[in-house]
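# Structural description and commentary
Letter by letter, the chains look like this.
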Amino acid sequence: MKHVMISGCSRGLGKAMVQGFHRAGWTVSGFARSRNVIDELQSIGADRLEIHQVDVTEEKPVADFVEAAISRFGVPDLLINNAAMINANAPLWEISQNDFEQLMAVNLSGVHRMIRYVVPRMIEAGRGVIVNISSGWGRSTSPEVAPYCASKWAIEGLSSALAQELPHGLAVIALNPGIIDTAMLRSCFGGDASLYPDPADWAKIAVPFIAKFGATHNGKSLTVPSEMDR
Ligand SMILES: NC(=O)c1ccc[n+]([C@@H]2O[C@H](COP(=O)([O-])OP(=O)(O)OC[C@H]3O[C@@H](n4cnc5c(N)ncnc54)[C@H](OP(=O)(O)O)[C@@H]3O)[C@@H](O)[C@H]2O)c1
């Protein structure tokens, strides 16, 4: 049975991927900071699902989570670095140093932290796919979301360089998920977010798309197809 590890799974795309991969027969481990949804998710299948309460910016809780998930389910076949935040819409010069650093701590250092704990185990196992969730704003820009854009352009660069370092058998992919109606989208798009698909519908396309990634996808920058592309 394949094991997928997903960061940031209490709502939005992370939660939809937990449910979608579980339904597809995968073993799933994941975490987020919110306790309430963790209990709800855990109830869908305790035998091959383990969700923890962890903040991706904290070193020891992340290390302990990875160790616990690997001892129970084995080295993940797939790591999805999904946890992220967006800044409140504002021009860059009005964003406080604290808010800027917090965003980078989650969106960039959080991804690095997961890679530091999981990739050595994948290298030992001789296999593994890392999906770093990027964004359209990792390949283009808009005003008022400069810190978020900077973090996702960094994800694209980090993934591309990591692809050149990984040994044969492993792969890293930067994945733009498309535009989906989540709490994050409502923060930057307001009411227009409702024009976009909900996470559960998105996951029906995204989960089988991601599940096919393998070593031959190393270094690719991909986008989840939308309903209209099918
Ligand atoms: N929605 C879109 O249209 C869209 C477009 C392009 C890219 N993306 C990317 O897709 C991914 C998911 O976004 P989303 O729209 O689903 O956002 P979301 O609804 O805001 O969900 C973000 C998830 O990340 C978790 N998270 C945030 N900070 C965390 C931390 N410090 N430690 C652990 N978990 C943390 C949140 O859980 P807690 O708050 O409970 O910790 C939540 O489960 C992100 O990487 C985002 O940048 C989304």
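Here we summarise the structure given alongside this text. (Residues numbered from 1 in each chain as written. Predicted model: local features only at pLDDT ≥ 70, side-chain atom pairs only at ≥ 80, totals over all residues.)

## What about the packing of helix α1 (residues 12-23) against helix α7 (residues 199-211)?
Counted only if it meets this: An axis is simply a line fitted to the C-alpha atoms; with a helix, the fit covers only the stretch in contact. Between two such axes, the angle follows the N-to-C directions and lies from 0 to 180 degrees. The helix and strand labels rest on DSSP assignments: H or I over at least four residues marks a helix, E over at least two residues marks a strand, and numbering proceeds from the N terminus. For classification, angles of less than 35 degrees are called roughly parallel, those exceeding 145 degrees roughly antiparallel, those between 65 and 115 degrees roughly perpendicular, and all remaining angles oblique. Crossings are sorted by hand: turned counterclockwise from the far helix by less than a right angle, the near helix makes the crossing left-handed, and turned clockwise it makes it right-handed. By the convention adopted here, residues are in contact when the distance between their C-beta atoms, placed from the backbone, does not exceed 7 Å.
The geometry of α1 relative to α7 is characterised by a closest axis approach of 9 Å and an angle of 55 degrees between their N-to-C directions. Accordingly, the angle class assigned to the pair α1 and α7 is oblique. When you trace α1 past α7, the crossing you get is right-handed. Residues G12, L13, K15, A16, M17, Q19, G20 and F21 of α1 pack against P199, A200, W202, A203, A206 and V207 of α7.

## A closer look at the site of the ligand
What counts here: Each residue gets a C-beta atom placed from its backbone. If that atom is within 6 Å of a molecule or strand, the residue is near it.
In the vicinity of the ligand lie 27 residues, with G8, G12, R33, S34 and T182 positioned nearest. Going through the elements one at a time, α1 and α6 (183-189) are the ones with two or more residues in the shell around the ligand.

## Quick notes on the packing of helix α4 (residues 97-125) against helix α5 (residues 146-165)
A pair of packed helices is captured by two measures, namely the crossing angle of their axes and the spacing between those axes. Inclusion rule: Each residue receives one of three labels: charged for Asp, Glu, Lys and Arg, nonpolar for Ala, Val, Leu, Ile, Met, Phe, Trp, Tyr, Cys and Pro, and polar for the others, Gly being one of them.
At a minimum axis separation of 10 Å, α4 and α5 run at an interaxial angle of 20 degrees. Classed by the angle they form, the pair α4 and α5 counts as roughly parallel. Between α4 and α5 lies a crossing whose hand is right-handed. Here α4 contributes F100, L103, M104, N107, L108 and V111 to the contact with α5, which in turn contributes P147, Y148, S151, A154 and I155. When the residues that make up the contact of α4 with α5 are grouped by side-chain class, the tally is 9 nonpolar, 2 polar and no charged.

## Regarding α7
Put simply, the rule reads: What a helix should span is 1.5 Å times the count of its residues minus one. A residue's bend is simply the angle between two axes: one fitted to the seven residues ending at it, one to the seven starting at it. The exposure label follows from counting other C-beta atoms within 10 Å of a residue's C-beta, where the C-beta atoms are placed from the backbone and the thresholds are 20 or more for buried and 12 or fewer for exposed, leaving partly exposed in between.
Taking 1.5 Å of rise per residue, the 13 residues of α7 would be expected to cover 18 Å, and the 17 Å separating its terminal C-alpha atoms lies within 8% of that figure. Taking the largest bend as the criterion, α7 deviates by roughly 30 degrees, centred on I205, and proline P208 comes between one and four positions later. Regarding α7, the residues found buried are P199, W202, A203, A206, V207 and I210. Looking at the buried side of α7, the elements it contacts are α1 and β5 (128-133).

## Observations concerning the sheet that holds strand β1 (residues 3-7)
Paired through their backbone hydrogen bonds, the strands of a sheet run either parallel or antiparallel. We count it as follows: One requirement defines pairing of two strands: DSSP has to find at least two bridges between them.
Spatial strand order, β3-β2-β1-β4-β5-β6-β7: 7 strands in an open sheet with parallel pairing. In this open sheet, the two edge strands, each paired with only one partner strand, are β3 (49-53) and β7 (221-223). Here the average twist between neighbouring strands, direction ignored, is 20 degrees. Seen against the sheet, α1 touches β1, β2 (27-32), β3 and β4 (78-81) and runs at an angle of roughly 165 degrees to β2. Along the sheet, α4 makes contact with β1, β4, β5 and β6 (170-176), crossing β5 at roughly 165 degrees.

## Description of the nonpolar core
The test is simple: Any set of buried Ala, Val, Leu, Ile, Met, Phe, Trp, Tyr and Cys residues joined through C-beta atoms within 7 Å is what this text calls a nonpolar core.
Ranked by size, the top nonpolar core spans 53 residues in total, and within it V4, I6, M17, I80 and V131 carry the most contacts. When residues of this core are assigned to their parent elements, the largest contribution, 6 residues, is made by β6. Those residues in contact with V4 that sit more than four places away from it in its chain are F21, W26, V28, P76, D77, L78 and I80. Listed in part, the 5 residues of the second largest apolar core include I86, V145, Y148 and A150.

## As for the pairing of β2
For a regular strand, side-chain orientation follows a simple rule: the groups alternate between the two sheet faces. So the rule is basically this: Seen with the strands pointing away from the viewer, any crossover whose path from the first strand over the helix to the second strand runs clockwise is right-handed.
Within β2, 6 of the 6 residues are buried, which leaves it mostly tucked inside the rest of the structure. Here β2 shows a buried face lined by T27, S29 and F31 and a second buried face lined by V28, G30 and A32. Here β1 pairs with β2 via 5 bridges, running parallel. Paired with M5 across the strands is S29, a residue of β2. For the segment spanning β1, α1 and β2, crossover handedness is right-handed. By the bridge criterion, 5 bridges tie β2 to β3 in an arrangement that is parallel. Within the sheet, the bridge partner assigned to G30 lies in β3 and is I51. On the question of chirality, the crossover connecting β2 to the parallel β3 by way of helix α2 (residues 35-42) is right-handed.

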